[in-house]
Amino acid sequence: MSMRRLRSNPKTLGDVNLVTEDLKNLYFKRLLPIEKYYSFHHFHSPSYEDAEFDNKPMVLVMGQYSTGKTTFVRYLIEQDFPGSRVGPEPTTDCFTALMHGEVEGVIPGNALTVDPKKPFRHLDPFGNAFLNRFQCVQMPNQVLESVSFIDTPGILTAAKRQLSRGYDFPAVLRWFAERVDRIILLFDAHKLEFSDELTRAFGALCGYEDKLRVVLNKADRVDSQQLMRVYGSLMWSLGKVFRTPEILRVYIGSFWSEPRQMCDHYQLLELEEEDLLADIRNLPRNAAVRKLNDLVKRARLVRAHAHIISYLKREMPTIFCKESKKHNLIYQLPVIFTKIQQRHRVPAGDFPDCTKMQEKLLGQDFSKFKTLKQSLMASLDKLLTTDIANLVPLLQQQELRKKSLPGVLDGEFLGTFRPEHYKRDPFKELKRDEESSETDFDEWVVEKYKPKYDEIFFNLSPNEGKLSGSKVKAWMTTTLLPTSVLAHVWRLSDVDGDGMLDNEEFALAVHLIEGKLEGHWLPRELPSHLVPPSKRLSSASDEE
């Protein structure tokens, strides 16, 4: 992999801007007036703002404490972030939004709620108790250019369930669940404990199961027999909590950039890792689709809400017995739902939760409700049947222009380490799209270690002074580093992009691996002082 290839990664969000603008116009011109007319925001979520349409895809990472949430985020962005701490005790005590910024910095929660460019303005009702535990970390990071992450506090176990957070934790989770593109729920293979707070958190996720991905983390620390028992127990517990016949997909892995322990199911962990990273990698590609889907879901809820409000208004008496009639209507709300379904052919799945709706109605003045306005309902039907459908072909055209995310999330590099790949094309040579801009080079820091690295190089029997991709791969995997990390080492080391490593490139690869094993982060791009001497002349001539 040449250095020039690393500088030519596309901006994946640029393609969705056109569809996003169309969705924004449909919402503000068609749907928002209906929401205001029927007081939708008093019963359900607040209105959308520009930032919620323009925002990058977001991933909510949650789970009990010490399941590896912060480590998982660090693994994906390949970088530490301010305030991140990991340990066996509860270390993350606040909600942290990781977003891209040219300058590294931390924005406190109260400031975020008044920033119109951030999608967090509607978190203000949760009060200072929550906002003091909420922050946004902005940092220059290539992955964060396309995806944002929300790191959450560890969910309390049964032993700590009596402790109070001071704010409605499940309600905050539900607020985020409605707005994020993916929810990653991590479990520790060593401790499967479904506490009261975890069960309430599951309740907050109801209705958003399509966004949920369950991860059984640290699976390399148990043997195959224990893993099967833990996996079966987790599936049984999830089935009881979500109460659906559909089975949730559970990814088994060990998501951090340190060497994994060798185990019988090592290959399974690699395949599961690739599947999960591929799912996250496609989020920018599917960002506009998710926004469209959420808009349709919201529009259908607004339609059901309008019918409910107008029915209650029509049934209320003009003068006498208003309060008793109000309570009677609230009590009969399940029956009213059924009548509306039959009379207006509104699907049962479009209606809100009946119990929560009854609670909301207790504090409302039914006399202020509005009757059904046919012009508004016709506009809503046109939105659902025609306007949204016209955007689908545009989405399909844009789908063809999207590419992968960089770093750990880049599927092109993950694929090079799969057996099928080198049967087809070992370490595929990638095109060089952009000229290198490196002109200032320091002394090669790898030189003093090269005799040791050369011994390994010649023991691998190079052909005409170079090692093939399959030989390098076989040696690399003995380090037990994750496949994604080794793929990143490969793309940094194969400076000339010929799909093979000479003695200098191999020495560079070993040097990077040793640095990683010592706990250092790999560079995004190859610094000038690491470029092999024989490759510096070619880089300079490429510039000219």
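Structural notes on the sheet that holds strand S1 (residues 58-63)
Next up, step 1: One open sheet holds the 8 strands; their spatial order is S3-S4-S2-S5-S1-S6-S7-S8, and the pairing between them is mixed. In this open sheet, the two strands that pair with only one neighbour each are strand S3 (105-108) and strand S8 (250-252). Taking the axes of each pair of neighbouring strands and ignoring which way they run, one obtains an average angle of 25° across the sheet.
Next up, step 2: In this sheet, strand S4 (residues 134-139) lies alongside S3 in antiparallel orientation, the contact comprising 4 bridges. Pairing of Ile107 across the sheet is with Cys136, part of S4.

Notes on the nonpolar core
Next up, step 1: If you look at the biggest cluster of nonpolar residues, it comprises 52 residues, and the most contacted ones within it are Phe95, Phe120 and Phe176.
Next up, step 2: If you look at the next biggest cluster of nonpolar residues, it comprises 46 residues, including Ala299, Met316, Ile336 and Ile340.

Comments concerning the packing of aromatic side chains
Next up, step 1: All told, the structure shown has 25 aromatic pairs when counted by the stated rule.
Next up, step 2: Taking the centre distance of 5.8 Å and the plane angle of 50° together, the rings of Tyr27 and Phe53 count as tilted. With Tyr27 in helix H2 (residues 17-37) and Phe53 in helix H4 (residues 50-54), the pair connects residues that are 26 residues apart, well separated along the chain. No difference in accessibility class separates Tyr27 from Phe53, as the two residues are buried.
Next up, step 3: Pairing Phe43 with Phe369 gives two aromatic rings, centres 6.2 Å apart and planes at 65°, and the pair type is edge-to-face. Remark: Phe369 occurs in the loop between helix H15 (354-361) and helix H16 (374-399) and Phe43 occurs in helix H3 (residues 40-43); sequence separation between them is 326 residues.
Next up, step 4: Sitting over the face of the ring of Tyr251, Arg249 holds its NZ or CZ atom 4.1 Å from the ring centroid.
Next up, step 5: Positioned over the ring face of Tyr37 is Lys370, at 4.6 Å from the centre of the ring.

So, the environment of Gly469
Next up, step 1: As for its placement among the helices and strands, Gly469 is situated in helix H20 (residues 469-476).
Next up, step 2: The class of Gly469 is buried, set by a relative accessible area of 3%.
Next up, step 3: For the pair Gly469 and Gly499, spaced 30 residues apart in sequence, the C-alpha separation works out to 6.3 Å.

Overview of the layout of surface pockets
Next up, step 1: Its volume calculated, the largest pocket comes out at about 1400 Å³.
Next up, step 2: Looking at the largest pocket, it is lined by 38 residues, and the ones nearest its centre are His44, Arg174, Glu178, Tyr208 and Lys356.
Next up, step 3: Element by element, the count of residues in the lining of the largest pocket is highest for helix H8 (residues 169-179), at 6 residues.
Next up, step 4: A class-by-class count of the residues in the lining of the largest pocket yields 16 nonpolar, 8 polar and 14 charged.

Things to note about the packing of helix H21 (residues 483-493) against helix H22 (residues 503-517)
Next up, step 1: At a minimum axis distance of 9 Å, the contact between H21 and H22 shows a crossing angle of 145°. With respect to the hand of their crossing, H21 and H22 are arranged in right-handed fashion. Along its contact with H21, which presents Val485, Leu486, Val489, Leu492 and Ser493, the element H22 presents Glu505, Leu508, Ala509, Leu512, Ile513 and Lys516.
Next up, step 2: Taken together, the residues of the contact of H21 with H22 break down into 8 nonpolar, 1 polar and 2 charged.

The rules behind each value
- Each chain has its residues counted from 1, following the order in which its sequence is written.
- With the structure being a predicted model, the display of local features is reserved for residues of pLDDT at least 70 and the display and counting of side-chain atom pairs for 80 or more, all residues being used for whole-chain, interface and lining totals.
- To get the side-chain values, take all heavy atoms of the structure and skip hydrogens and water.
- Strands qualify as paired when DSSP identifies two bridges or more between them.
- Helix numbering and strand numbering both begin at the N terminus, where a helix is a DSSP run of H or I of at least 4 residues and a strand a DSSP run of E of at least 2.
- Between N-to-C directions, angles span 0 to 180 degrees; the directions come from axes that are lines fitted to C-alpha atoms, helices contributing only their stretch in contact.
- Nonpolar cores are built from buried Ala, Val, Leu, Ile, Met, Phe, Trp, Tyr and Cys residues. Side-chain atoms within 4.5 Å join them into one set.
- Relative accessibility thresholds used throughout: buried, under 20% of the residue-type maximum; exposed, over 50%; partly exposed, between the two (1.4 Å probe, protein chains only).
- In summary, the pairing rule links any two rings of Phe, Tyr or Trp, Trp by its six-membered ring, whose centres are within 6.5 Å, and it sorts them by plane angle into stacked for under 30 degrees, edge-to-face for over 60 and tilted for everything else.
- Charge-over-ring contacts are defined here by two conditions on Lys NZ or Arg CZ: a distance within 6 Å of the ring centre and an angle within 35 degrees of the ring normal.
- Both cavities and pockets are sets of points on a 1 Å grid over the protein atoms alone; in a cavity a 1.4 Å probe fits but cannot get out, in a pocket the set is open with protein on both sides within 12 Å along at least five of seven lines, and lining residues sit with an atom within 4 Å of a point.
- Grid points are joined across faces, edges and corners, and a volume is the space filled by probe spheres set on the points.
- Here the nonpolar group is Ala, Val, Leu, Ile, Met, Phe, Trp, Tyr, Cys and Pro; Asp, Glu, Lys and Arg are the charged ones; every other residue, Gly included, is treated as polar.
- Take the far helix as the reference: if the near one is turned anticlockwise from it by less than a right angle, the crossing is left-handed, and if turned clockwise, right-handed.
- Residues count as neighbours in contact if any of their non-hydrogen atoms are within 4.5 Å of one another.

So far we have only geometry, and geometry alone does not tell us how the molecule works.
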